[in-house]
Protein chains: 2
Amino acid sequence: MSQAAAIPIIGGTGALGSGLALRLAAAGREVVIGSRDAFRAEEAAARIRGQARNAHVSGAANEEAATRGPILFLTVPFRNQSENLTNLKTTLTEGQIVVDATVPLAAAVSGKATRLLGVPQGSAAEQAQEMVPDGVTVISALHSVNAKALGDLTVELDEDVLVCGDRKDPKARVAELIELIPGLRAINSGALETARFAEALTPLLISVNVRNKTHAGIKLTGIPDERW
Amino acid sequence: MSQAAAIPIIGGTGALGSGLALRLAAAGREVVIGSRDAFRAEEAAARIRGQARNAHVSGAANEEAATRGPILFLTVPFRNQSENLTNLKTTLTEGQIVVDATVPLAAAVSGKATRLLGVPQGSAAEQAQEMVPDGVTVISALHSVNAKALGDLTVELDEDVLVCGDRKDPKARVAELIELIPGLRAINSGALETARFAEALTPLLISVNVRNKTHAGIKLTGIPDERW
C-alpha cells in the first residue's frame, strides 16, 4: 500500500478517534472510521465531512476498516481494547502497524479518571502487542493529546506526542503521520515498555486540568529539530 | 519561622540537591545543605559559594539542617529515602513541609534508569508521607527537572514543575519557593497520589533523552496565568 493509503481509525466514533479523523482528513488524508456498527461509523464520518470541507472520510465495520491501510489507529476505551483486538486477529496482516492510544484509566471499572489500572503486561500498549498477530507492530502514542482540542479545528494545537515502540522504522512512519497534523510534534520516547509512563500522562493531565480548569497538553523543552 | 528562613536540602550533596541549592542561593535565599556527613555537606556548600557570588549556603548534618527552615527539600536516591526519613523522625516537627523529589528508579537496585520500581504505597512521595511524623506534610515535586541543567547557571531554564500534595496551602508555599528560580513554573497537579505519575516523568524523560541526545524538560500548554 502506498504512503497515501487510507488511515483506518478503529473505534473512531469516540472523542479521540473522531478528533484524530477530523484532523487527518483536514490535512488531506483519506480516513476510514471503524466501529463495531458500520452504520454508527458512517454517521461519525458524515459529521466529520460536515466539519471539514472536502474531507475524504468514510465509515465501515472495524474488520473492514482495518484492511484499508497499513497504519491503523486504535482509539477505544481500555474496557474494549481486548475485545477489539480479538476481533481483528484474523484481519490484521504482517507488516501492519497498530498505533495504540489506549489508556488503562480506572474509569474502565467505574473508578476515577485520575487513577490507572495495573495491566499485567505493564501497559495497554504491551497488552496490545501481545494480542496482535505475529508481524504486526504496536506503536504507542497520543495519550497526552486532549480529545476535545483535537476535535475542534478552531483550536490551534501546539504540543508534543510521545511515541513509544520497539522498532525504529514503524515508529518513524507513525511520527510522520502524526506530524501531518499542524501543531503536533512527534517525539521518539523509547521502547514500547516506556508506554506505561506515556499512558500515565493521561491521568496526570486530567488531574492538572481539574485543578487548573483547562485542557493542558505537553511540550518537551530541549528537543533538537533533527529527531527521526 | 519567617518566610525568609533558610531552606534545608536533605541529601543536598547530590546533583539535584546541589543544583537546587545553587539556584535558590542565586535567587537570594539562605540554603543549608544536609548530608549524613557534615564535612561533605560543607564541601558541597563551599563549591556552591564558589559558583554563585554572595551565595548564602552552609552545610550541616541532615538532622541539624532539618531544623533550619519550615520547608525542607528531600533530594536523595530512592535507595536512601527510607533511611533518611527514619533518621529525621525525632527532628521533624509539626507544621514542617517535606518536598519529596525522590524517584523510585530501578537503578536503585542496579536496574535501568528507564524503569520504575513498584512502591507499596504507590509512589515514593506516599512512602515519605507514611514515614514522617504526624503533622508534617509531604509535597511531591521536581521530578522532571534535569539536575545537570539546574546545576549550571548558564543554562536558561524554561520549564514546569509538577507539584502534587493533599493540602492546598503547603502546596502553594512550595510553589512559591520553586518559582523563586527564574524559568521554573509550578503547576498544581493534584493530590499526593498523583505523584506516582509525576515520578514516572523521570524515566520517561531519561528515555526521551537517550533517543534524542538531549536533557529534555516539560512544559504544559494551556495553563492559565492565575494558578494558585
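A short tour of the structure in this document, coming up. Source: prediction; values computed, not measured. Numbering of residues begins from 1 in every chain and follows the order in which that chain's sequence is written. Going through the entries in the order they are written, you letter the chains from A and number the ligands from 1. Where local features are concerned, this predicted model is filtered to residues with pLDDT of at least 70; where side-chain atom pairs are given and counted, the filter is 80 or more; whole-chain, interface and lining totals use all residues. By convention in this description, side-chain values take in all heavy atoms of the structure and omit both hydrogens and water.

## Notes on the pairing of strand β5 (residues 97–100) of chain A
Residues and elements named next belong to chain A.
- Both faces of β5 are covered, namely the face carrying Ile97 and Val99 and the face carrying Val98 and Asp100.
- When DSSP finds two or more bridges between two strands, those strands count as paired. By the criteria applied, helices consist of DSSP H or I runs no shorter than four residues and strands consist of E runs no shorter than two, each listed in order from the N terminus. Relative to β5, strand β4 (residues 71–74) is paired through four bridges, and the arrangement is parallel. Residue Phe73 lies in a different strand from β5, and its bridge partner there is Val99.
- Note on handedness: a clockwise path from strand one over the helix to strand two, with the strands aimed away from the viewer, defines a right-handed crossover. Read as a crossover between parallel neighbours, the route from β4 over helix α4 (residues 78–87) to β5 is right-handed.
- Inspection of the sheet shows β5 paired to strand β6 (residues 137–140) by four bridges, in the parallel sense. Residue pairing in the sheet places Val99 in a bridge with Ile139 of β6.
- A crossover links β5 with its parallel partner β6, the connecting element being helix α5 (residues 124–131), and its sense is right-handed. Accessibility here uses a 1.4 Å probe with only protein chains present; expressed as a share of the type maximum, an area under 20% marks a residue as buried, one over 50% as exposed, and anything in between as partly exposed.

## A look at the packing of helix α4 (residues 78–87) of chain B against helix α5 (residues 124–131) of chain B
Residue and element names in this part refer to chain B.
- Here an angle of 0 to 180 degrees is reported between the N-to-C directions of two axes, which are lines fitted to C-alpha atoms, with helices fitted over the stretch in contact. Contact geometry for α4 and α5: axes closest at 10 Å, N-to-C directions at 15°. Accordingly, the angle class assigned to the pair α4 and α5 is roughly parallel. Helix-helix and strand crossings are classified by hand; for α4 and α5 the assignment is right-handed. Of the residues in α5, those in contact with Phe78, Gln81, Ser82, Leu85 and Thr86 of α4 are Ala124, Gln127, Ala128 and Met131.
- Residue polarity is assigned by list, with Asp, Glu, Lys and Arg as charged and Ala, Val, Leu, Ile, Met, Phe, Trp, Tyr, Cys and Pro as nonpolar; anything else, Gly included, falls into the polar class. Each residue belonging to the contact of α4 with α5 can be placed in one class, and the counts come to five nonpolar, four polar and no charged. Between 65 and 115 degrees an angle is taken as roughly perpendicular, under 35 as roughly parallel, over 145 as roughly antiparallel, and anywhere else as oblique. By convention, the crossing between two helices is left-handed when the near helix turns anticlockwise from the far helix through less than a right angle, and right-handed when the turn is clockwise. We call two residues in contact whenever any of their non-hydrogen atoms come within 4.5 Å of each other.

## Description of α5(A)
Residues and elements named next belong to chain A.
- Counting buried residues in α5 gives six out of eight residues, a clear majority hidden from the surface.
- Considered for burial, the residues of α5 that qualify are Ala124, Ala125, Glu126, Gln127, Ala128 and Met131.
- Buried-residue contacts for α5 involve α4, β5, β6 and α8 (195–199).

## Some words on the sheet that holds strand β3 (residues 57–61) of chain A
Residue and element names in this part refer to chain A.
- Pairing within the open sheet is parallel, and its six strands lie in the order β3-β2-β1-β4-β5-β6. Each having just a single partner strand, β3 and β6 make up the two edges of the open sheet. Averaged over all pairs of adjacent strands, the angle between strand axes in this sheet comes to 25°, irrespective of strand direction.
- Across the sheet, α5 is in contact with β5 and β6; its angle to β6 comes to roughly 170°.

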